[in-house]
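# Analysis of the macromolecular model
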Amino acid sequence: MKKTALITGATSGIGEACARKFAEGGYQVIITGRNKEKLDALKQELTMGGTEVLALQYDVRDREATTKAIASIPGEWKEIDVLVNNAGLALGLEPEYEGNLDDWETMIDTNIKGLLTMTRLIVPDMVVRNHGHVINIGSIAGDAAYAGGNVYCATKAAVKAITDGLRIDVAHTAVRVTNIKPGLVETHFSNVRFHGDDARADNVYKGIKPLTGTDIADVVYYVANAPEHVQISEVTILATHQANGSTIFRTAE
């Protein structure tokens, strides 16, 4: 029987790369996201490659829509082996005293509450089956705040605490729990953070070769396929010239 991986936020960046990686590994894949057009395109691509794909369109911020979407999963897909809680974003880089309240609410609702909703809906069955793996995409931003990061850093610190707490809660079972903490990854992340300002987003990666979504997906897949008795609790992944969240060596261009 094929294993099943469910990946939230699968229409771009790390989530999209994870969907491709698990498909290549022979999993049947459930992809979720807000953008139906992108979901359909990814489904078509993976299906043409021989992967069984189920696409669910919803926003993890909407608890009712999320609950309905998960409830709609057909019986043969319901036994989730790997849940990749990837959906997340950063918005703005203003000082906390000048922050945008709407941006804060979106980050909190997506990065924390959306992750919790998915966890609450999927993990009970993993516990009953005594099998499964929850992989949360956190960030090194959760280890220490950086200038302008304030609320985003707080959400990723919450992801770490939530991940650690879940690992404690399921320690009596064979369910595994992992926090993946990437550093600088070149995806649409910065474009979203700067509300579509491409020039400002490009500056984030200037003078350094950043990680890619595929780099992170490789680690996620490795973690998910470690021997059953091996639980990789946390992985920090940095670009070679990045030491931590705020220390980056950039070459002159």
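My aim in this report is to walk through the structure given alongside it, one point at a time. Once a new chain begins, its residue numbering starts again from 1 and follows that chain's sequence as written. In keeping with the predicted nature of the model, local features appear solely for residues at pLDDT of at least 70, side-chain atom pairs appear and are counted solely at 80 or more, and the whole-chain, interface and lining totals rest on all residues. Working from all heavy atoms in the structure, the side-chain values ignore hydrogens and water.

### Things to note about the packing of aromatic side chains
The relation between two aromatic rings is expressed through the spacing of the ring centres and the mutual angle of the planes. Definition in use: Within 6.5 Å between ring centres, the rings of Phe, Tyr and Trp (the latter by its six-membered ring) count as paired, and their orientation is classed by plane angle as stacked under 30 degrees, edge-to-face over 60, tilted in between. Numbering goes from the N terminus for both helices and strands, where a helix is a DSSP run of H or I of at least four residues and a strand is a run of E of at least two. Each residue is assigned to one of three classes by its accessible area relative to the maximum for its type, calculated with a 1.4 Å probe on protein chains only: buried under 20%, partly exposed between the two thresholds, exposed over 50%.
The final tally for this structure, using the stated rule, is 3 aromatic pairs. Their ring planes at 70° and their centres at 5.2 Å tell us that Phe22 and Tyr221 sit as a pair that is edge-to-face. A residue pair is termed long-range when its members are at least 10 positions apart, and Phe22 in helix α1 (residues 13–24) and Tyr221 in helix α8 (residues 213–224) qualify at 199 residues. Assessed through its relative accessible area of 19%, Tyr221 is described here as buried. By way of ring pairs, the aromatic residues Phe22, Tyr27 and Tyr221 are connected into one cluster.

### A few points about the packing of α1 against α8
How we decide: Axes here refer to lines fitted to C-alpha atoms; in helices the fit is confined to the stretch in contact. Angles between the N-to-C directions go from 0 to 180 degrees. Relative orientations are named as follows: roughly parallel for angles under 35 degrees, roughly antiparallel for angles over 145 degrees, roughly perpendicular for angles from 65 to 115 degrees, and oblique for any other angle. In this scheme the handedness of a crossing depends on how the near helix is turned from the far one: anticlockwise by less than a right angle means left-handed, clockwise means right-handed. Should any heavy atoms of two residues lie within 4.5 Å, those residues are counted as being in contact. Polar here means any residue other than Ala, Val, Leu, Ile, Met, Phe, Trp, Tyr, Cys and Pro, which are nonpolar, and Asp, Glu, Lys and Arg, which are charged; Gly is therefore polar.
For the pair α1 and α8, interaxial distance at closest approach is 8 Å and the crossing angle is 50°. Judged on the interaxial angle alone, α8 and α1 are oblique. When you trace α1 past α8, the crossing you get is right-handed. Along the contact surface, α1 presents Gly13, Ile14, Ala17, Cys18, Lys21 and Phe22, while α8 presents Gly213, Thr214, Ile216, Ala217, Asp218, Val220, Tyr221 and Ala224. By residue class, the composition of the contact of α1 with α8 is 9 nonpolar, 3 polar and 2 charged.

### Points about the environment of His241
The residue His241 is located in the segment after β7 (234–237) in this model. His241 gets classed as partly exposed once you look at its relative accessible area, which sits at 45%. Remark: the alpha-carbon pair of His241 and Pro210, spanning 31 residues in sequence, is separated by 8.6 Å. Not counting residues within four places of it along the chain, the set of residues in contact with His241 comprises Ile208, Thr247, Ile248 and Phe249.

### So, α8
Filter applied, for reference: What a helix is expected to span follows from its residue count: subtract one and scale by 1.5 Å. Summarising the geometry, the arc corresponds to the directions from the helix axis toward the C-beta atoms.
For α8, which comprises 12 residues, the first-to-last C-alpha distance of 16 Å matches the rise-based estimate of 16 Å (1.5 Å per residue) to within 8%. Among the residues of α8, Gly213, Ile216, Ala217, Val220, Tyr221, Val223 and Ala224 are the ones counted as buried. Looking straight down α8, one finds that the buried residues subtend no more than 160° of arc, so they occupy a single side. The elements touched by buried residues of α8 are α1, β4 (82–85), β5 (133–137), β6 (176–182) and β7.

### Points about the environment of Arg120
By the secondary structure assignment, Arg120 is in helix α4 (residues 101–129). Taking the C-alpha atoms as reference points, Arg120 and Thr67, 53 residues apart in sequence, are found 9.8 Å from one another.

### Let's talk about the sheet that holds β5
Put simply, the rule reads: Two strands qualify as a pair provided that DSSP identifies no fewer than 2 bridges between them.
In spatial order, the strands read β3-β2-β1-β4-β5-β6-β7; together these 7 strands make up an open sheet with parallel pairing. At either end of the open sheet lies a strand with only one pairing partner, and these are β3 (53–57) and β7. Taking each pair of neighbouring strands and ignoring which way they run, the sheet shows an average axis angle of 15°. Relative to the sheet, helix α5 (residues 150–169) contacts β5, β6 and β7, its axis offset from that of β6 by approximately 160°.

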